[in-house]
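Here is what each chain is made of, one letter per residue.
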Amino acid sequence: MSLPVPSHILPTYARAPLAFESGEGAWLTTTDGQRYLDLGGGIAVASLGHAHPHLVAALAEQGAKLWHTSNLYRIPGGERLADRLVENTFADVVFFTNSGAEANEAAIKMARKYQSACGHSERFRIVTFEGAFHGRTLATIAAGGQQKYIDGFGPKVEGFDQVPFDDWAAFEAAIGPETGAVMIEPIQGEGGIRAVASERLRALRSVCDRHDLLLIFDEVQTGVGRTGAFFAHERAGVTPDIMSIAKGIGGGFPMGACLATREAAKGMTVGTHGTTFGGNPLAMAVGNAVLDVVLAPGFLDRVARAGLGLKQRLAALQDRYPGVIAEIRGDGLMMGLRCAVPNGDVVAAARHHHVLVIAAGDNVVRLLPPLTISDDEIAEAVRRLDAACADIEAHRAPGAVAAGGEAGPHRTSAVHKGAA
Ligand SMILES: *Cc1c(COP(=O)(O)O)cnc(C)c1O
């Protein structure tokens, strides 16, 4: 299919030439009637698939009642959602936002304000890790530390010290008298599904305790069931002081939240932070509906089982195509294929077989399907990925004739790399 170039859209994305009109569960249908199996979930956002009946009903019901009142008034749906998040996590308090970047902004401001409230306003610096992604605001690009997102946007926001992902000595050396917090994704998403070992998360916790630093977990991508636990850090048996969430909690409705212990949040008093839209009744209705499903007995266990099944099938795929897939990574329904060929080739070949996957850093292809994807759909997805791998291998074989057609695996220029 060919679409006109969307010339009035700011061209910050290299979009694939696909436009969807409707969705159902793990399936998307294009404007010209083609069906695609969606293993991207709009970058881990469509956590319950497309057009989930419970979410549609919650949105429609709230939509007919009340959309927005502002945070000048109490919002019962938000109070209920906060209660439920607190009941099921380390947290005591919740601040609702519209996005992951805003949840991280709240987390960063909260950590600084905590140190200031403790009489240590000099402790404003935050240690972060290479390969991190924390969003696209000025502060969160500085926190993420990726030069390609920072260049040309003026002086980098002060106060972030980035260390290599796997270098403990560098981490300890980065902690100085001005350090106030440590911020990390338990599994890097954009960075390429790179998990932080549980022992490492525990070690971070004890270093933070020793130096009175706040530990911030960015669970914007890993949270709300993605890994088969409610939150990814649970596997390590430690808790953060502050946690940002977004993506999956809205199931497609733009929303996020910053969760914290009462102690970590003690500087955030009336007037210190705000948002016009965050936590509005529409968002809260959908967030509560997502939790109805995700926290139902057995749901997360099923995600974990589905994830294991997916991982086994992907391991078999790796065995069959070692020249295409170098490594399988991830937890639950957050899987990464580190590629032995350019990851864009795999994304394009998969798309040719009508399965949507997403490129990430470290030459990885991400699989972030709806948590509700069925075992049959997983099997079908892997069959299609198998065909995609076969195409790539045939194409790369010595003497192979360049594949004709408009959607061969070489059409990589339109692949959008790691930019959620
Ligand atoms: C997507 C993402 C963000 C940014 O979220 P936005 O809603 O795009 O602002 C932050 N952190 C992580 C780990 C993410 O995956």
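Keep in mind that this is a model prediction, so the values were computed, not measured.

### A look at the packing of helix H11 (residues 343–352) against helix H12 (residues 375–396)
Between two packed helices, what matters for the description is the angle formed by their axes and the separation of those axes. Contact geometry of H11 with H12 gives a least axis separation of 8 Å together with a crossing angle of 120°. The angle between H11 and H12 places the two elements in the oblique class. Classified by chirality, the crossing of H12 by H11 is right-handed. Where H11 approaches H12, its residues Asp345, Val346, Ala349, Ala350 and His352 are matched on the opposing element by Leu385, Ala388, Asp391 and Ile392. Of the residues that constitute the contact of H11 with H12, the class distribution is six nonpolar, one polar and two charged.

### Here's the deal with the site of the ligand
Neighbouring the ligand are Ser99, Gly100, Ala101, Asn104, Phe133, His134, Gly135, Glu185, Asp218, Val220, Gln221 and Lys247. Within the backbone of Phe133, a nitrogen or oxygen atom sits 3.1 Å from a nitrogen atom of the ligand. Taking Gln221, its side chain carries an N or O atom lying 2.7 Å from an oxygen atom of the ligand. The protein chains hide 86% of the 390 Å² of surface that the ligand would expose on its own. The element contributing the most residues to the shell around the ligand is helix H4 (residues 100–117), with three residues. Looking at side-chain class alone, the shell around the ligand contains three nonpolar, six polar and three charged residues.

### A word on the nonpolar core
In this structure, Leu85, Phe171, Val182, Leu314, Leu367 and Leu385 are the most contacted members of the largest nonpolar core, which totals 83 residues. The dominant element in this core, judged by the number of residues it contributes, is helix H9 (residues 281–294), at eight residues. Here Leu385 is in contact with Leu39, Leu314, Leu317, Ala350, Val355, Val357 and Leu367, once residues within four sequence places are set aside. Of all hydrophobic cores here, the second largest spans 19 residues; its members include Ala142, Phe160, Ala264 and Ala265.

### Remarks on H12
Look at H12: 31 Å from first C-alpha to last across 22 residues, which is about the 32 Å you get at 1.5 Å a residue. Every buried residue of H12 is listed here: Glu377, Ile378, Ala379, Ala381, Val382, Arg384, Leu385, Asp386, Ala388, Cys389, Ile392 and His395.

### A closer look at the sheet that holds strand E17 (residues 364–367)
With antiparallel pairing, the four strands of this open sheet are ordered in space as E13-E14-E17-E16. Edge positions in the sheet fall to strand E13 (325–331) and strand E16 (358–360), since each has one partner strand and no second. Going from strand to strand, the sheet's axes swing by 30° on average, the running direction of each strand aside. As judged from the four bridges shared by strand E14 (residues 334–339) and E17, these two strands associate in the antiparallel manner. When the sheet's bridge partners are listed, Gly336 is paired in E17 with Arg366.

### Here's the deal with the pairing of strand E10 (residues 214–218)
Of all the five residues making up E10, five are buried; the element is thus mostly covered by neighbouring parts of the structure. Here E10 shows no split at all, with Leu214, Ile216 and Asp218 on one side and Leu215 and Phe217 on the other all buried. Direction of pairing for strand E7 (residues 179–184) relative to E10: parallel, over a ladder of four bridges. What sits directly across from Val182, in E10, is Leu215. Bridge count between E10 and strand E11 (residues 242–245): three bridges; the pairing is parallel. Each residue of the ladder has a partner; that of Ile216, found in E11, is Ile242.

### Quick notes on the packing of aromatic side chains
Enumeration according to the criterion identifies five aromatic pairs in this entry. With a centroid separation of 5.9 Å and 80° between ring planes, the pair formed by Phe133 and Tyr149 is classed as edge-to-face. Taken as a pair, Phe133 in the loop between strand E5 (125–129) and helix H5 (138–144) and Tyr149 in helix H6 (residues 147–150) lie far apart in primary sequence, 16 residues in all. Exposure remark for Tyr149: the relative accessible area of 10% places this residue in the buried category. A network of ring pairs unites the aromatic residues Phe129, Trp168 and Phe171 as a single cluster. For Arg136, the ring lying beneath its charged end belongs to Tyr149, and the centroid distance is 3.9 Å. We note Arg194 situated over the ring of Phe165; from NZ or CZ to the ring centre the distance is 4.2 Å.

### Looking at unusual backbone geometry
Even without being glycine, Ile193 reaches a positive phi, approximately 50°. With respect to the helices, strands and loops of the structure, Ile193 is situated in the loop between strand E8 (187–188) and strand E9 (194–195).

### Focus on the pattern of salt bridges
All told, the structure shown has 18 salt bridges when counted by the stated rule. One salt bridge in this structure joins Arg200 and Asp166, with 3.8 Å as the shortest N-O distance. Residue Arg200 is found in helix H8 (residues 198–211), and its partner Asp166 is found in the loop between strand E6 (160–163) and helix H7 (168–174); the two are separated by 34 residues along the sequence. Judged by its relative accessible area of 24%, Arg200 is partly exposed. Owing to a relative accessible area of 61%, Asp166 belongs among the exposed residues under this scheme. Here Lys266 and Glu263 are joined by a salt bridge, their closest N and O atoms 3.2 Å apart. Among the charged side chains, a salt-bridge network with shared partners connects Glu327, Arg329, Arg338 and Asp362.

### Things to note about the sheet that holds strand E4 (residues 93–97)
Hydrogen bonds between backbone groups are what pair the strands of a sheet, and the pairing can be parallel or antiparallel. The sheet built from seven strands is open, its strands ordered E4-E12-E11-E10-E7-E5-E6 with mixed pairing. Strands with a single pairing partner mark the edges of an open sheet, and in this sheet they are E4 and E6. In this sheet, adjacent strand axes meet at a mean angle of 20° when their direction is disregarded. Two elements, E11 and strand E12 (residues 256–260), share four bridges in a ladder whose sense is antiparallel. When the sheet's bridge partners are listed, Ile245 is paired in E12 with Ala257.

Rules behind the numbers
- Residues numbered from 1 in each chain as written.
- Predicted model: local features only at pLDDT ≥ 70, side-chain atom pairs only at ≥ 80, totals over all residues.
- Heavy atoms only, no water.
- Axes fitted to C-alpha atoms, helices over the stretch in contact; angles between N-to-C directions.
- Helix = DSSP H or I, 4+ residues; strand = E, 2+ residues; numbered from the N terminus.
- Parallel < 35°, antiparallel > 145°, perpendicular 65-115°, else oblique.
- Left-handed = near helix turned anticlockwise from the far one by under 90°.
- Contact = heavy atoms within 4.5 Å.
- Nonpolar A, V, L, I, M, F, W, Y, C, P; charged D, E, K, R; others polar.
- Near = heavy atom within 4 Å.
- Polar contact = N/O pair within 3.5 Å; in protein donor to acceptor, adjacent residues only side chain to side chain.
- Areas by Shrake-Rupley, 256 points an atom, 1.4 Å probe, with all protein chains shown as cover.
- Core = buried A, V, L, I, M, F, W, Y, C linked by side-chain atoms within 4.5 Å.
- Buried < 20%, exposed > 50% of the residue type's maximum accessible area, 1.4 Å probe, protein only.
- Expected span 1.5 Å × (residues − 1).
- Pairing = 2+ DSSP bridges.
- Phe/Tyr/Trp six-rings, centres within 6.5 Å; stacked < 30°, edge-to-face > 60°.
- Lys NZ or Arg CZ within 6 Å of the ring centre and 35° of its normal.
- Salt bridge = Lys/Arg side-chain N within 4 Å of Asp/Glu carboxyl O.

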